[in-house]
Amino acid sequence: MKKISLLFTMLLFCGIAFSQEEENKESKPKGKRILPFRIGAKVGIPNGFGGNIEYVTPLLNSRIAVFGDYSGFSAEIDDADTKLQYYEFGTNIYLFGNKGRGLYGALSYGKLNLDAAYNDYEFDTDGGVVTADAKGDYEVSTFNVKAGLKMGRRFYFRTELGYGFGSVPQEFVITGNANGMTQSETVEIPEIPGMSENGYVMFNIGFGIGF
């Protein structure tokens, strides 16, 4: 966590210097117009790797933007066909006189879904161990507050650090049907740094193009 905080602080200082240099350039007669549409990618937690879109509106002299993120992948994890999806949408509010870049605050809603399908999952019952096809579902919804930094104009880099507030389940329930009877097993979620039953730390870096 200390390493992440240090990295984010360094990026902030770099971003301030970068933004100041760009503003000085734009103060010249041949200033560059804002590029309001952005398409890019992000990698981090909890989103994994996915796509991002952003549009800077004319509100507050082009300081209010709306955005949407989507991440998804399928893989075999612990003998289960696992599918993860993450959605997020909200607003970025650019600060300190910046128009669509530099430092910003973000408010958003996020939803994380995880589905796991098992073949021949072993359930411990009073009659012994039985196997069955089974599945498990895990879902988390959060209200997110983040601080971000966007550097660059047409080709840009961004980073974000924040927290998602919400009720985070600490158990994963696996359910199947064996011998005509419904079987279920509760598995505790392993302890993950930055995550509690009340929410989790969010961090990502991204890049993209504006037009």
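Up top is the structure these notes are about.
What counts and what doesn't
- Residues numbered from 1 in each chain as written.
- Predicted model: local features only at pLDDT ≥ 70, side-chain atom pairs only at ≥ 80, totals over all residues.
- Heavy atoms only, no water.
- Helix = DSSP H or I, 4+ residues; strand = E, 2+ residues; numbered from the N terminus.
- Buried < 20%, exposed > 50% of the residue type's maximum accessible area, 1.4 Å probe, protein only.
- Contact = heavy atoms within 4.5 Å.
- 1 Å grid on protein atoms, 1.4 Å probe; cavity = no way out; pocket = protein on both sides within 12 Å on 5 of 7 lines; lining within 4 Å.
- Points joined across faces, edges and corners; volume = space filled by probe spheres on them.
- Nonpolar A, V, L, I, M, F, W, Y, C, P; charged D, E, K, R; others polar.
- Pairing = 2+ DSSP bridges.
- Patch = residues over 30% accessible without salt bridge, like charges linked within 9 Å, V, L, I, M, F, W, Y side chains within 5 Å.
- Areas by Shrake-Rupley, 256 points an atom, 1.4 Å probe, with all protein chains shown as cover.
- Salt bridge = Lys/Arg side-chain N within 4 Å of Asp/Glu carboxyl O.
- Lys, Arg positive; Asp, Glu negative; His and termini not counted.
- Charge placed at Lys NZ, Arg CZ, Asp CG, Glu CD.

A. Just the overall build of the protein, in detail. Counting secondary structure elements, the protein contains two helices and 11 strands. Mapped from its N terminus to its C terminus, the protein presents α and β elements in the order α-β-β-α-β-β-β-β-β-β-β-β-β. When the 211 residues of the protein are sorted by exposure, 40% land in the buried category. Considering only contacts in the protein between residues 6 or more positions apart, those separated by 24 or more positions represent 62%.

B. Broad picture of the layout of surface pockets. Taken as a whole, the largest pocket spans an internal volume of roughly 780 Å³. Leu114, Tyr138, Ile189, Pro190 and Ile192 are, among the 27 residues lining the largest pocket, the residues nearest its centre. Sorting the residues of the lining of the largest pocket by element identifies strand E3 (64-77), strand E4 (80-94), strand E5 (102-125), strand E8 (171-178), strand E9 (181-188) and strand E11 (199-210) as the ones contributing at least two each. Take the lining of the largest pocket: its biggest share by element is five residues, from E5. Among the residues forming the lining of the largest pocket, the class breakdown is 22 nonpolar, three polar and two charged.

C. Broad picture of the pairing of E4. Pairing between E3 and E4: 14 bridges, direction antiparallel. In the strand pairing of E4, Tyr70 is matched with Tyr87. Counting the residues that bridge the hairpin from E3 to E4 gives two residues, and of these Asp78 lies at a positive phi of roughly 50°. With 15 bridges connecting them, E4 and E5 associate as antiparallel partners.

D. Seen up close, unusual backbone geometry. A cis amide bond links Ile45 with the next residue in sequence, Pro46, at an omega value of 5°. Of note, Pro46 is situated in the loop between strand E1 (37-45) and strand E2 (48-56). Here Ser62, not a glycine, exhibits a phi torsion of approximately 65°, which is positive. Assignment of secondary structure puts Ser62 in helix H2 (residues 59-62). Residue Ser62 is classed as buried on the basis of its relative accessible area, which comes to 17%.

E. Expanded view of a negative patch on the surface. Together, Glu76, Asp78, Asp79 and Asp81 make up a region of like negative charge exposed at the surface. Checked against the element boundaries, Glu76 lands in strand E3. Relative accessible area serves as the criterion here: at 60%, Glu76 is assigned to the exposed category.

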